[in-house]
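Observations on chain architecture
Residue strings, one per chain:
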Amino acid sequence: MNRRGEAGLLADLASLAIPFASHEHIAVFTVEESRRVDADIPGAHTKNLFLKDTGGAYWLVTVPAEARVDLKALPDVIGCKRVSFGKAEDMDRLLGISPGSVTPLAMINAVPGNVGVVIDGGLAAASRVNVHPLRNTATLGLSGADILRLLAHWGHQPRVAAIPTVQEPA
């Protein structure tokens with residue numbers, strides 16, 4: 001795998017003239033931990049799921065931080081087989097990142113076609129989406145349209161979808 005890392009990511013942002021805001025912070029590994037630093041960062045915050053379907057395909061799904069994804073309904077929406085969470089070693093091998101640092105920007109390291117990438121429709125349309133820059137000690141804020149542009153630049157065909165969620169009990 002050609003791992004371009006954060007330097008390659010920043011170079012691509014510059015070459016494509018994509019504006020972004022950068023925030024350094026303590027390491028966060030969960031959405032709950034992220035809430036402590038998110039309060040000071042404007043824009044939509046994300047949760048990223050690295051999944052594997054029963055056919056052996058890998059998926060990176062980006063949703064709003066507060067979403068509880070319905071993993072049983074997701075395959076019908078994105079066109080795959082039943083999904084479960086992918087293993088850390090597969091995440092490292094395919095995306096060059098570790099758990100806690102999952103981000104659609106890790107697709108910079110993915111061979112096109114090896115990992116399907118799905119972005120929630122609301123995030124794709126948002127003017128500011130906050131994601132990790134391949135590490136969980138920083139957050140980059142950029143538009144959903146620019147995330148899609150980066151993915152296309154790296155040779156990926158992102159799917160924008162209404163991700164099914166599980167409703168919280170009343």
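Here, the structure is the one placed above.
Read on for an overview of the structure. None of these values were measured; they are calculated from a predicted model.

1. Digging into helix α2 (residues 31-38)
One turn of an α-helix holds 3.6 residues; hence residues three or four places apart share an orientation. Taken together, the buried positions of α2 are occupied by Ser34, Val37 and Asp38. Along the axis of α2, the buried residues cluster in a sector spanning 95°; they form a single face. Exposed side chains of α2 directed beyond 90 degrees from the buried face belong to Glu32 and Arg36. Contact partners of the buried residues in α2: β2 (44-53).

2. As for the environment of Arg128
Relative to the assigned elements, Arg128 resides in the loop between α5 (121-125) and β6 (129-131). Classification of Arg128 as partly exposed rests on a relative accessible area of 21%. A C-alpha to C-alpha distance of 18 Å links Arg128 and Asp12, two positions 116 residues apart in sequence. Setting aside its immediate chain neighbours within four residues, Arg128 contacts Ala21, His23, Ile41, Pro42, Gly43, Ala44, Gly141, Leu142 and Ser143.

3. Topic: the side chain of Asp12
One can find Asp12 in helix α1 (residues 5-15). Residue Asp12 is classed as buried on the basis of its relative accessible area, which comes to 6%. A polar contact is formed between the side chain of Asp12 and the side chain of Arg4, at a distance of 2.7 Å. Here the side chain of Asp12 touches Trp154 through a polar contact of 2.6 Å, side chain to side chain. The residues touching Asp12, leaving out its near neighbours within four places in the chain, are Arg4, Ile108, Leu150, His153 and Trp154.

4. Here's the deal with the pattern of salt bridges
Applying the stated rule across the entire model yields five salt bridges. The shortest N-O distance in the salt bridge between Arg135 and Glu6 comes to 2.6 Å. Of this pair, Arg135 sits in the loop between β6 and β7 (138-142) while Glu6 sits in helix α1, and the two are 129 residues apart along the sequence. Relative accessible area serves as the criterion here: at 24%, Glu6 is assigned to the partly exposed category.

The rules behind the values
- Residues numbered from 1 in each chain as written.
- Predicted model: local features only at pLDDT ≥ 70, side-chain atom pairs only at ≥ 80, totals over all residues.
- Heavy atoms only, no water.
- Buried < 20%, exposed > 50% of the residue type's maximum accessible area, 1.4 Å probe, protein only.
- Helix = DSSP H or I, 4+ residues; strand = E, 2+ residues; numbered from the N terminus.
- Arc of directions from axis to C-beta.
- Contact = heavy atoms within 4.5 Å.
- Polar contact = N/O pair within 3.5 Å; in protein donor to acceptor, adjacent residues only side chain to side chain.
- Salt bridge = Lys/Arg side-chain N within 4 Å of Asp/Glu carboxyl O.

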